[in-house]
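Now for the letters of each chain:
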Amino acid sequence: MTIVEHVSKLGDALRNADFEKARNSIPDDPESLPDGSRGDQANLAAALKLRSLSAEVCDYFGEFAVAQEFVMGAAVAAVPHLESLCLGGQPSASGREITLQRIWVCLQAGLCEYRAARYDDALSYFKLCEQAIEVESKRELHLEAAARTAYSRGLIARETYDLQEAIHQFTRSTELAYKALISPVKKDKARSRCTPAPTA
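Bear in mind that the values here come from a model prediction, so they are computed numbers and not experimental data.

What counts, and where the lines are drawn
- Starting afresh in each chain, residues are numbered from 1 along the sequence in its written order.
- Totals for whole chains, interfaces and linings use every residue, but because this is a predicted model, local features are given only for residues with pLDDT of at least 70 and side-chain atom pairs only at 80 or more, for both listing and counting.
- The side-chain numbers reported here are obtained from all heavy atoms of the structure, hydrogens and water having been left aside.
- A run of DSSP states H or I qualifies as a helix once it reaches four residues; a run of E qualifies as a strand once it reaches two. Both are numbered from the N-terminal end.
- When accessible area is computed with a 1.4 Å probe and restricted to protein chains, residues below 20% of their type maximum are described as buried, those above 50% as exposed, and intermediate ones as partly exposed.
- Should any heavy atoms of two residues lie within 4.5 Å, those residues are considered in contact.
- For accessible areas, the Shrake-Rupley method is used with a probe of radius 1.4 Å. Any residue's cover is judged against the shown protein chains and nothing else.
- The span you would expect from a helix comes to 1.5 Å times its residue count less one.
- Salt bridge, as used here: a side-chain nitrogen of Lys or Arg that lies within 4 Å of a carboxyl oxygen of Asp or Glu.
- Between 30 and 60 degrees the pair is tilted, below 30 it is stacked and above 60 it is edge-to-face, where a pair is any two Phe, Tyr or Trp rings, Trp via its six-membered ring, whose centres lie within 6.5 Å.

A. Representation of the overall build of the chain. When its secondary structure is counted, the chain shows 8 helices and 0 strands. Listing the helices and strands of the chain from first to last along the sequence gives α-α-α-α-α-α-α-α. Relative to its full complement of 200 residues, the chain shows a buried share of 48%. Long-range pairs, those at least 24 residues apart, make up 67% of the contacts in the chain between residues at least 6 apart in sequence. Carbon and sulfur atoms make up 52% of the accessible area of the chain, which totals about 10,100 Å².

So this is what it looks like as structure tokens:
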């Protein structure tokens, strides 16, 4: 099965809320997927999407170590690209989907750090994603990613007893998620993301 076929099969299972099928649809070997560390651009956006979706499914089932295998290496490779973007770099139009998937991989990596109670490391990932989304939003809104980032920051605030910040971030996440739900979807383009509900 190709990477694109894997993404399609996994996406179908998630859209139907069939999490058992989703778990059976993820690749057996995370290392077989491109992660961007070796300049492997062919199918990179699809591979990063498959990595982050697979990690989220594993997280849903409590398979946190497997989730890490899917995203941590890819996240390490993605960080310099996102940092460059935040410092004023201009990705090409063809690279915007890769940029979005790098953001999602880093969000999943942050959640892996959160599960391991490495809250400073998790927050570093989430803040980088937030900054990258702000830059990218000048070209195209990424409401789903922005909602997930705010939700993830809320988790950190809750665990570190910053309850006012937690309320702020969770409220912001809800508002962004609602905007994403009511925003018009182009008929010729499916939503960029399909994931199960986040779990705390």
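B. How the structure looks around helix α7 (residues 143-159). Look at α7: 25 Å from first C-alpha to last across 17 residues, which is about the 24 Å you get at 1.5 Å a residue. Burial within α7 is extensive, with 14 of its 17 residues counted as buried. Of the residues one or two after α7, Tyr 161 is the one with positive phi, at around 65°.

C. Up close: unusual backbone geometry. Despite not being glycine, Ala 117 shows a phi value in the positive range, around 65°. With respect to the element layout, Ala 117 can be found in the loop between α5 (96-115) and α6 (119-136). Given a relative accessible area of 46%, Ala 117 falls into the partly exposed group. One non-glycine residue, Tyr 161, lies in positive phi territory at about 65°.

D. Structural detail: the pattern of salt bridges. Taken as a whole, this structure holds 9 salt bridges when the rule is applied. Two residues, Asp 59 and Arg 115, come together in a salt bridge whose shortest N-O distance is 2.8 Å. Of the two residues, Asp 59 is situated in helix α3 (residues 44-60) and Arg 115 in helix α5; the sequence distance between them amounts to 56 residues. The class of Asp 59 is buried, set by a relative accessible area of 11%. The partner of Glu 113 in a salt bridge is Arg 118, with the nearest N and O atoms 2.4 Å apart. The class of Glu 113 is buried, set by a relative accessible area of 9%. If you follow the salt bridges from partner to partner, you end up with Glu 130, Arg 153, Glu 165 and Arg 172 in one network.

E. Seen up close, the packing of aromatic side chains. Here the structure, examined in full by the defined rule, presents 4 aromatic pairs. Where Tyr 60 meets Phe 61, the ring centres are 5.2 Å apart and the plane angle is 85°; that geometry is what we call edge-to-face. Given the relative accessible area of 31%, Phe 61 is considered partly exposed. Ring centres of Tyr 114 and Tyr 119 lie 6.1 Å apart, and the angle between their planes is 45°; on these two criteria the pair is classed as tilted. Classification of Tyr 114 as buried rests on a relative accessible area of 6%. An aromatic cluster is defined as three or more aromatic residues linked by ring pairs; in this entry it consists of Phe 19, Tyr 60 and Phe 61.

These figures capture arrangement, not role.
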